[in-house]
Amino acid sequence: MNDNIILTEDEKDCLQELMNVAYGSATAAITEILNAYAKLSIPKIQIINASEFKDYLTAELNLDEKHLIALQEINGAFNGENMFVIDEKSAINMAYPGLKNAKHKEVKELVANIISAQSKEIGMMQQWQSQWGYVKASE
Amino acid sequence: MKILVTDDSKMARKMVIKTLNESIEGEIEIFEGQNGQEAVDLYKQHKPKIVFLDLTMPIMDGFEALEQIKMFDNDAKVIIISADIQKTAVDRVLSLGAYNFIKKPIDTTKMKQILEKLNNKVEI
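Residues numbered from 1 in each chain as written. Chains lettered and ligands numbered in written order. Predicted model: local features only at pLDDT ≥ 70, side-chain atom pairs only at ≥ 80, totals over all residues. Heavy atoms only, no water.

Residues and elements named next belong to chain B. Per the stated rule, a full pass over the model turns up 1 cavity of 30 Å³ or more. If you add up the space inside the largest cavity, you get close to 40 Å³. Surrounding the largest cavity, Val5, Thr6, Asp7, Val16, Phe52, Leu53, Asp54 and Ile81 form its lining. Considered class by class, the residues forming the lining of the largest cavity number 5 nonpolar, 1 polar and 2 charged. (1 Å grid on protein atoms, 1.4 Å probe; cavity = no way out; pocket = protein on both sides within 12 Å on 5 of 7 lines; lining within 4 Å. Points joined across faces, edges and corners; volume = space filled by probe spheres on them. Nonpolar A, V, L, I, M, F, W, Y, C, P; charged D, E, K, R; others polar.)

Another aspect to go through is the sheet that holds strand β4 (residues 78-82) of chain B. All names here are of chain B. Spatially, the 5 strands line up as an open sheet ordered β2-β1-β3-β4-β5, and their pairing is parallel. Of all strands in the sheet, those bounded by a partner on one side alone are β2 (29-33) and β5 (100-103). Pairs of neighbouring strands in the sheet enclose a mean axial angle of 20°, with direction left out of account. Where strand β1 (residues 2-6) and β2 come together, 5 bridges link them in parallel fashion. Opposite threonine 6, over in β2, you have glycine 33 as the bridge partner. Where helix α3 (residues 62-72) meets the sheet, it contacts β3 (50-53) and β4, and its direction lies at approximately 160° from that of β3. (Pairing = 2+ DSSP bridges. Helix = DSSP H or I, 4+ residues; strand = E, 2+ residues; numbered from the N terminus. Axes fitted to C-alpha atoms, helices over the stretch in contact; angles between N-to-C directions. Contact = heavy atoms within 4.5 Å.)

This part covers the nonpolar core. Residue and element names in this part refer to chain B. Among the nonpolar cores identified, the biggest contains 23 residues, and Leu53, Ile69, Val78, Ile80 and Val93 are the most heavily contacted of them. If you list the elements that add at least two residues to this core, you get α2 (36-46), β3, α3, β4 and α4 (87-95). Ile17, Ile79, Ile102 and Met111 belong to the second-largest nonpolar core, a separate cluster that totals 18 residues. (Core = buried A, V, L, I, M, F, W, Y, C linked by side-chain atoms within 4.5 Å. Buried < 20%, exposed > 50% of the residue type's maximum accessible area, 1.4 Å probe, protein only.)

Cis geometry is adopted by the peptide bond preceding proline 105 of chain B, which originates at lysine 104 of chain B and carries an omega value of -5°. Secondary-structure assignment places proline 105 of chain B in the loop between β5 and α5 (108-119). The phi torsion at asparagine 35 of chain A lies on the positive side, around 55°, for a residue other than glycine. Tracing the sequence through the fold places asparagine 35 of chain A in the loop between α1 (9-34) and α2 (53-60).

This next bit is on the interface of chain A and chain B. Between chain A and chain B, the contact holds 19 residues from the first and 19 residues from the second. Here chain A meets chain B over a buried area of about 1,500 Å², counting both sides, of which 55% is carbon and sulfur. On the chain A side of the contact with chain B, Glu17, Tyr37 and Ile42 of chain A bury the most area, a combined 37% of that side's loss. Taken together, the connections running from chain A to chain B amount to 3 salt bridges. We note a salt bridge from lysine 10 of chain B to aspartate 10 of chain A, for which the minimum N-O separation is 3.2 Å. At the boundary of chain A and chain B, one finds 8 residue pairs in polar contact (both at pLDDT 80 or more). (Buried area = accessible area lost by both parts, 1.4 Å probe. Salt bridge = Lys/Arg side-chain N within 4 Å of Asp/Glu carboxyl O. Polar contact = N/O pair within 3.5 Å; in protein donor to acceptor, adjacent residues only side chain to side chain.)

Helix α1 (residues 10-23) of chain B packs onto α1 of chain A with a crossing angle of 85° between their chain directions and a minimal axis gap of 8 Å. When the axis of α1 of chain A is compared with that of α1 of chain B, the two are roughly perpendicular. Side by side, α1 of chain A and α1 of chain B meet where Asp10, Asp13, Cys14 and Glu17 of chain A of the first sit next to Lys10, Met11 and Ala12 of chain B of the second. (Parallel < 35°, antiparallel > 145°, perpendicular 65-115°, else oblique.)

All names here are of chain B. In this fold, aspartate 54 is placed in the loop between β3 and α3. Separated by 18 residues in sequence, aspartate 54 and glycine 36 have C-alpha atoms that sit 8.3 Å apart. With near-sequence residues (within four places) excluded, aspartate 54 lies in contact with Thr6, Asp7, Asp8, Gly62, Ile81, Ser82 and Lys104.

Following the criterion strictly, the structure yields 12 salt bridges over all chains and no others. Among the ionic pairs, lysine 12 of chain A bridges to glutamate 9 of chain A, the shortest N-O distance being 3.7 Å. With lysine 12 of chain A and glutamate 9 of chain A both in helix α1, this residue pair falls 3 residues apart, about one helical turn. The exposure class of lysine 12 of chain A is partly exposed, given its relative accessible area of 26%. Given the relative accessible area of 60%, glutamate 9 of chain A is considered exposed. Salt-bridge contacts for lysine 104 of chain B lead to aspartate 54 of chain B; the nearest nitrogen and oxygen are separated by 3.6 Å. With lysine 104 of chain B in the loop between β5 and α5 and aspartate 54 of chain B in the loop between β3 and α3, this residue pair connects regions lying 50 residues apart in the sequence. The burial state of lysine 104 of chain B is the same as that of aspartate 54 of chain B; both residues are buried.

Written as structure tokens, this is what we have:
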């Protein structure tokens, strides 16, 4: 089966706008909870074969770092899968404004717990990496 | 009547223009821009009665374009249409003098209501 997908410029534009609206809504929901503001950037569309996806991710991500991934399956007239990837340090940085600005005590406590637990994990993983003599992928 | 529609997405511009054609009786002349800089240049050149402006765009974003258009003509009627629906963004554009804010995906009924409201202020 030929898995090459060729999208016209109009189709790419449509997909880009769809992503723009989806991420705009998600960002508004998160920043409302954290009482923060996030500058939105223009989504980029890049088409790659599913068979090349693993290599693409390996090249794009620093595999020495832990990443948080959210997967969402889309079914219906438009089928697909949405994968959100963020490295742990960036996720913690994203959570910090919530620690200071969140309106609800419960959100502040939740954010504090997440930051504390994830920071400990990062430190632990870095310690193991050093103790066990693993070389960083970037080296 | 001259109307300026600025969005980096062709599809988004098409949707706005389609709604305008359905809502406004009489002749309309539409100018299309793809970024904030084009919006400012087209506004200065054609002085449209209504401007539809996206926020997240290349070269110059909608915030800066709105600021420059309002600096050039404080009476400009600029309607923001954006996926950036954060309260801070909405408050900012309204404080910069935007006439109204429409969130994406576009609710055509809301857009028509805003155009009807504008009808009393500009001669459509």
